[in-house]
Amino acid sequence: MADSSFDIVSKVERQEVDNALNQAAKEISQRFDFKGVGASIAWSGEKIEMRANSEERVKAILDIFQTKLVKRGISLKSLDAGEPQVSGKEYKLFASVQEGISQDNAKKIAKIIRDEGPKGVKAQVQGDELRVSHKSRDALQEVISLLKGKDFDFAIQFTNYR
């Protein structure tokens, strides 16, 4: 019998991020405390750009956006927000969406699986994801629950379970 396997990935649904951004932009345009302050949120290339006339308002825009992401089931660990920067009379804040598991993080996960997981479970790095395989599906379930119990500083999902 062939080994069962699954992939550990760090992916974000771009459409869901886009929907969250549009919802945040709509709320910002309708809220009384953002009227006439030049508050906005929009894509700027691959980054998300937030603008307002004060540092507090830019941070409030980020908070609204984060709330919308959570409601859409996107982990905030995949959002990398910088610090507000002064640009003329307005403040800007850039945020980017992190995808893929770096080589170092993949090695950390593989080490956890080797050290704490069931015996004989194989984990191999494949680009920006990690394939975990074993003969027993129960062992793979143990690995999934082990990793769900860990607190990583990046978002992980489990896909291609077969």
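The structure displayed is predicted, hence computed values, not measured ones. (Residues numbered from 1 in each chain as written. Predicted model: local features only at pLDDT ≥ 70, side-chain atom pairs only at ≥ 80, totals over all residues. Heavy atoms only, no water.)

*Asks:* Give a description of the packing of helix H3 (residues 103–116) against helix H4 (residues 137–149) that names residues and reports values.
*Replies:* Contact geometry for H3 and H4: axes closest at 11 Å, N-to-C directions at 120°. Looking at the two axes, H3 sits oblique to H4. For H3 against H4, the interelement crossing comes out right-handed. Contacts between H3 and H4 involve Ile109, Ile112, Ile113 and Glu116 from the first element and Val143, Leu146 and Leu147 from the second. (Axes fitted to C-alpha atoms, helices over the stretch in contact; angles between N-to-C directions. Helix = DSSP H or I, 4+ residues; strand = E, 2+ residues; numbered from the N terminus. Parallel < 35°, antiparallel > 145°, perpendicular 65-115°, else oblique. Left-handed = near helix turned anticlockwise from the far one by under 90°. Contact = heavy atoms within 4.5 Å.)

*Asks:* Please provide a residue-by-residue account of the nonpolar core, values included.
*Replies:* In this structure, Ile41, Met50, Ile61 and Phe65 are the most contacted members of the largest nonpolar core, which totals 23 residues. Contributions of two or more residues to this core are made by helix H1 (14–30), strand S3 (47–52), helix H2 (55–71) and strand S6 (90–97). For this core, the element with the highest residue contribution is H2, accounting for six residues. Ignoring any residue separated from it by four or fewer positions in sequence, one finds Ile41 in contact with Leu21, Ala24, Ala25, Ile28, Ile48, Glu49, Met50, Ile61 and Phe65. Within the second largest apolar cluster, 19 residues are counted, among which are Val121, Val132, Leu140 and Ile156. (Core = buried A, V, L, I, M, F, W, Y, C linked by side-chain atoms within 4.5 Å. Buried < 20%, exposed > 50% of the residue type's maximum accessible area, 1.4 Å probe, protein only.)

*Asks:* Outline the sheet that holds strand S7 (residues 122–126), supporting the account with residue identities and numerical values.
*Replies:* Strand order in the open sheet made by the four strands is S7-S8-S1-S9, with antiparallel pairing throughout. Every other strand in the sheet has two partners, leaving S7 and strand S9 (157–159) as the edge strands with one partner each. Strand-to-strand twist across the sheet, computed as the mean angle between neighbouring axes with direction ignored, equals 30°. Packed on one face of the sheet, H3 meets strand S1 (4–9), S7 and strand S8 (129–134) and runs near 20° to S8. Its contacts with the sheet place H4 against S1, S8 and S9, and it is angled at close to 20° to S1. (Pairing = 2+ DSSP bridges.)

*Asks:* Would you mind going over the environment of Val12 in detail, with residue names and values included?
*Replies:* With respect to the helices and strands, Val12 occurs in the loop between S1 and H1. On a C-alpha basis, the gap between Val12 and Glu99 in space is 6.5 Å, while along the polypeptide they are 87 residues apart.

*Asks:* Run through the side chain of Glu129, naming residues and quoting values.
*Replies:* For Glu129, the position within the fold is in strand S8. Beyond its immediate stretch of four places on either side in the chain, Glu129 contacts Asp7, Ile8, Val9, Lys11 and Gln124.

*Asks:* Just give me the short version of H2, but keep the residues and values in it.
*Replies:* With 17 residues, H2 extends 25 Å between its outermost C-alpha atoms, agreeing within 8% with the 24 Å of an ideal straight helix rising 1.5 Å per residue. For H2, the full list of buried residues reads Val58, Ile61, Leu62, Ile64, Phe65, Lys68 and Leu69. For H2, the arc enclosing every buried residue in end-on projection is 160°, short of the 170-degree limit, so these residues lie on one face. In H2, those exposed residues whose orientation departs by more than 90 degrees from the buried face are Glu56, Val70 and Lys71. Looking at the packing, one finds that the buried side of H2 touches H1, strand S2 (40–44), S3, strand S4 (79–81) and S6. (Expected span 1.5 Å × (residues − 1). Arc of directions from axis to C-beta.)

*Asks:* An account of the packing of aromatic side chains is needed here, citing residue identities and associated values.
*Replies:* Scanning the model with the defined rule gives three aromatic pairs in all. Aromatic side chains Phe6 and Phe158 sit 5.8 Å apart centroid to centroid with 75° between the ring planes, which places their arrangement in the edge-to-face category. Residue Phe6 is found in strand S1, and its partner Phe158 is found in strand S9; the two are separated by 152 residues along the sequence. Judged by its relative accessible area of 25%, Phe158 is partly exposed. (Phe/Tyr/Trp six-rings, centres within 6.5 Å; stacked < 30°, edge-to-face > 60°.)

*Asks:* Explain the pattern of salt bridges to me, and be specific about the residues and the numbers.
*Replies:* As enumerated under the stated definition, the model contains 16 salt bridges in all. A salt bridge links Glu46 to Arg14, with the nearest nitrogen and oxygen atoms 3.5 Å apart. In this pair, Glu46 is assigned in the loop between S2 and S3 and Arg14 in helix H1, connecting sequence segments 32 residues apart. The partly exposed category is assigned to Arg14, whose relative accessible area is 41%. Three or more residues joined by partner-sharing salt bridges are found here, namely Glu27, Arg31, Asp33 and Lys68. (Salt bridge = Lys/Arg side-chain N within 4 Å of Asp/Glu carboxyl O.)

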